[in-house]
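Chain and residue survey
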Amino acid sequence: MTTREKHFENYETMVSVFGELDGNIKRLADAFGVDVFATGSSLKVKGDKAAVEDAMSALDAMEKLALKHPLSPVQVDSVIDRVRMGEKPDIDNLLGAVAVTVRGKVVRAKTFGQRAYVDAINSNGIVFGVGPAGTGKTYLAVALAVRALKSGEIERIILTRPAVEAGEKLGFLPGDLNEKVDPYLRPLFDALRDFVGEDSYQKLIEKGVIEIAPLAYMRGRTLMNSFIILDEAQNTTPEQMKMFLTRMGENSRIVVTGDITQIDLPRGQLSGMKHAMAVLEDVKGIKIVQLTSKDVVRNEFVARIIEAYDRFEKAENGDGTESKIN
């Protein structure tokens, strides 16, 4: 058995590392199978040597994060997962700013999965961000799009989503095109307003610098000098996805986001997102980033709900467990 001790110079940092009702320390002890004891302004970690070393590595990373802002359970789990995978948590990279809202709030990746997603967008022409609700797929993509626009890297931001009514039925809805597709693109609008403000948003829409349209309206176009975001892409067909990806012109970037566990296509219809992930997996310049419940940054219950559904679906899909739904 090995015992190591970690001393905290800053009381507020120590409190943040401990977490509410010592919740972060309990997470750490359970994850590495060690005993953790608080003694004044120090923590003692006791257990097998390798487990203790891993726990201390996680504690060091947690302290570094806590010096910047209060630790969240999601960040603690992210650090623990990184250490358990045999990797050293790169806290400096995690803390790097992604963008700044119009109110001056600095937006950062909150998990290592989110950081990998941001890094992928910054270094690839096409990125697929795949994961459950609450992982920041759309919000971070919009943040990076606005940053690219403000820095002059691109000239337009194009936002699109597949809409069930994106054919003839759309014409029967009242209002102009923006009003017709508003219900489908609302999450994108809300994120945009965070980064450009309401007045600037309206002006950019009027000038065509920001364009919003259902996916069906992309056909036949070549999109140049643009940052293009396709949201809810799990609801595209393979034909729609191929059409969309081949709209890409010079000096453009594409981010495709979606949750392949939430496909709303008719039964038996293959998702264009799932199809594209298989077809394009090894294509240079295209990156597929898989986010999980560990990257959910909404209410902690969201992550628990997602994990519960995942377990249930795995049980129903052939591990011998009888379904609880008759």
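First, a word on what this report is: a plain description of the structure on this page. (Residues numbered from 1 in each chain as written. Predicted model: local features only at pLDDT ≥ 70, side-chain atom pairs only at ≥ 80, totals over all residues. Heavy atoms only, no water.)

1. Regarding the pattern of salt bridges
This is how it is decided: Any carboxyl oxygen of Asp or Glu within 4 Å of a side-chain nitrogen of Lys or Arg constitutes a salt bridge here. Runs of H or I in DSSP of at least four residues are treated as helices and runs of E of at least two as strands, each being numbered from the N terminus. Relative accessibility thresholds used throughout: buried, under 20% of the residue-type maximum; exposed, over 50%; partly exposed, between the two (1.4 Å probe, protein chains only).
The full count for this structure, using the stated rule, is 12 salt bridges. The partner of K6 in a salt bridge is E63, and the shortest N-O contact between them spans 2.8 Å. Of this pair, K6 sits in strand 1 (residues 2-7) while E63 sits in helix 3 (residues 49-66), and the two are 57 residues apart along the sequence. This pair shows no difference in class: K6 is buried, exactly as E63 is. Ionic pairing is found between D77 and R27, a salt bridge with its closest N-O pair at 3.0 Å. Of this pair, D77 sits in helix 4 (residues 73-84) while R27 sits in helix 2 (residues 23-32); the two residues are 50 residues apart in sequence, bridging distant segments of the chain. One salt-bridge network, held together by shared partners, links K6, D60 and E63.

2. Section: unusual backbone geometry
A positive phi angle is found at L21, which is not glycine, with a value near 50°. Here L21 is to be found in the loop between helix 1 (11-18) and helix 2. Classification of L21 as exposed rests on a relative accessible area of 72%. Of note, N225 is a non-glycine position whose phi angle comes to about 50°, a positive value.

3. Overview of the pairing of strand 10 (residues 253-258)
Under the convention used in this document: Paired strands, in this sense, are two strands between which DSSP finds at least two bridges.
Here strand 10 lies mainly inside the structure; 6 of its 6 residues are buried. With 5 bridges joining them, strand 6 (residues 126-130) and strand 10 adopt parallel strand pairing. In the sheet register, V130 faces strand 10, and the bridge partner there is G258. Relative to strand 10, strand 9 (residues 226-230) is paired through 4 bridges, and the arrangement is parallel. Paired with F227 across the strands is R253, a residue of strand 10.

4. Concerning the sheet that holds strand 2 (residues 35-39)
For the record, the criterion: Geometry is summarised by axes, namely lines fitted to C-alpha atoms with helices restricted to the contacting stretch, and by angles between N-to-C directions that run from 0 to 180 degrees. The criterion used for residue contact is that any of the two residues' heavy atoms lie within 4.5 Å.
In space, the 3 strands of this open sheet follow the order 1-3-2, with antiparallel pairing throughout. The outermost strands of the open sheet, each flanked by one partner alone, are strand 1 and strand 2. Averaged over all pairs of adjacent strands, the angle between their axes in this sheet comes to 20°, without regard to strand direction. When strand 2 meets strand 3 (residues 42-47), the two strands line up antiparallel, connected through 5 bridges. Bridge pairing in strand 3 links A38 to L43. Along the sheet, helix 3 makes contact with strand 1 and strand 3, crossing strand 1 at roughly 10°.

5. Re the pairing of strand 6
Burial runs high along strand 6: 5 of the 5 residues are buried. Note that strand 6 and strand 11 (residues 286-290) share 5 bridges and pair parallel. Bridge assignment links V127 to a residue of strand 11, and that residue is K287.

6. Overview of the sheet that holds strand 11
An order of 8-7-9-10-6-11 is seen for the 6 strands of this open sheet, with the pairing classed as parallel. Every other strand in the sheet has two partners, leaving strand 8 (210-214) and strand 11 as the edge strands with one partner each. Across the sheet, the mean angle from the axis of one strand to that of its neighbour is 15°, orientation sign disregarded. Inspection of the sheet shows strand 7 (residues 156-161) paired to strand 9 by 5 bridges, in the parallel sense. In the strand pairing of strand 9, L159 is matched with I229.

7. A closer look at the nonpolar core
This is how it is decided: Residues belong to one nonpolar core when they are buried, are Ala, Val, Leu, Ile, Met, Phe, Trp, Tyr or Cys, and are joined through side-chain atoms within 4.5 Å.
If you look at the biggest cluster of nonpolar residues, it comprises 37 residues, and the most contacted ones within it are Y117, V142, I157, L192, F227 and I229. Elements with a minimum of two residues in this core: strand 4 (97-100), helix 6 (112-123), helix 7 (137-150), strand 7, helix 8 (177-196), helix 9 (198-207), strand 8 and strand 9. Considering every element that reaches this core, the biggest residue donor is helix 7, with 9 residues. Leave out the neighbours within four places in its chain, and V142 touches L188, A191, L192, F195 and I229.

8. Considering the packing of helix 2 against helix 4
Note the cut-off: Orientation labels follow simple angle bins: below 35 degrees gives roughly parallel, above 145 gives roughly antiparallel, 65 to 115 gives roughly perpendicular, and whatever is left gives oblique. By convention, the crossing between two helices is left-handed when the near helix turns anticlockwise from the far helix through less than a right angle, and right-handed when the turn is clockwise. When residues are grouped by polarity, Ala, Val, Leu, Ile, Met, Phe, Trp, Tyr, Cys and Pro land in nonpolar, Asp, Glu, Lys and Arg in charged, and all others, Gly among them, in polar.
Where helix 2 contacts helix 4, the axes come no closer than 10 Å and their chain directions differ by 25°. Considering the angle they form, helix 2 stands roughly parallel to helix 4. Once helix 2 is placed against helix 4, the crossing between them reads as right-handed. Between helix 2, through N24, R27, L28, A31 and F32, and helix 4, the contact on the second element is made entirely by P73, V76, D77, I80, V83 and R84. Looking at side-chain class alone, the contact of helix 2 with helix 4 contains 7 nonpolar, 1 polar and 3 charged residues.

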